[in-house]
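Here is how the chains run, residue by residue.
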Amino acid sequence: MAHKILLVDDDEKVRALLRRFLTPLDCEIAEADGGEAALEATRASTPDLVLLDVQMSGMDGFETC
């Protein structure tokens, strides 16, 4: 069973870089572009790991957590 990782960052380039490094781990990778989207994603499927940016526009990482 593949582990599920959720990448949360409002910067698409950062998410792409993280995805590039994590892809060889053969994990299921989902992305969210902000706090609200991250909360929706966790309601749909519980990830094993969340990589969450702290400074985001709108809902920041602390509020999301």
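Thresholds, definitions, all that
- Sequence order as written defines the numbering, with residues in each chain counted from 1.
- For a predicted model such as this one, the threshold for reporting local features is a pLDDT of at least 70, and the threshold for listing and counting side-chain atom pairs is 80 or more; totals across whole chains, interfaces and linings nevertheless cover every residue.
- Hydrogens and waters are ignored; side-chain quantities use all the structure's heavy atoms.
- Pairing between two strands is assigned when DSSP locates at least 2 bridges connecting them.
- Each helix corresponds to a stretch of at least 4 residues labelled H or I by DSSP, and each strand to a stretch of at least 2 residues labelled E; elements are numbered beginning at the N terminus.
- To get an axis, fit a line to the C-alpha atoms, keeping to the stretch in contact for a helix; angles then go from 0 to 180 degrees between the N-to-C directions.
- In the sections that follow, a salt bridge refers to a side-chain nitrogen of Lys or Arg positioned within 4 Å of a carboxyl oxygen of Asp or Glu.
- The classification of residues rests on relative accessible area computed with a 1.4 Å probe and restricted to protein chains. Under 20% of the type maximum is buried, over 50% is exposed, and intermediate values are partly exposed.

1. Here's the deal with the sheet that holds strand 1 (residues 4–8)
Strand pairing in a sheet is mediated by backbone hydrogen bonds. Such pairs are either parallel or antiparallel.
And step 1. One open sheet accounts for three strands, arranged 2-1-3; its pairing is parallel. On the outer flanks of this sheet lie strand 2 (28–32) and strand 3 (49–52), each paired with one strand and no other. Strand-to-strand twist of the sheet, defined as the mean angle between neighbouring strand axes without regard to direction, takes the value 20°.
And step 2. Of the strand pairs in this sheet, strand 1 and strand 2 are connected by five bridges, and their pairing is parallel. Paired with L7 across the bridge in strand 2 is E31.

2. Section: the pattern of salt bridges
And step 1. Enumeration over the complete set of coordinates arrives at two salt bridges.
And step 2. Across the pair E31 and R15 runs a salt bridge, and its minimum N-O distance is 3.0 Å. One end of the pair, E31, is in strand 2; the other, R15, is in helix 1 (residues 12–22), with 16 residues separating them in the sequence.
And step 3. Its relative accessible area of 10% is what places R15 among the buried residues.
And step 4. Across the salt bridge formed by E31 and R19, the nearest N and O atoms sit 2.6 Å from each other. In this pair, E31 is assigned in strand 2 and R19 in helix 1, connecting sequence segments 12 residues apart.
And step 5. The exposure class assigned to E31 is partly exposed, which follows from its relative accessible area of 35%.
And step 6. Overlapping salt bridges bring together R15, R19 and E31 as one network.

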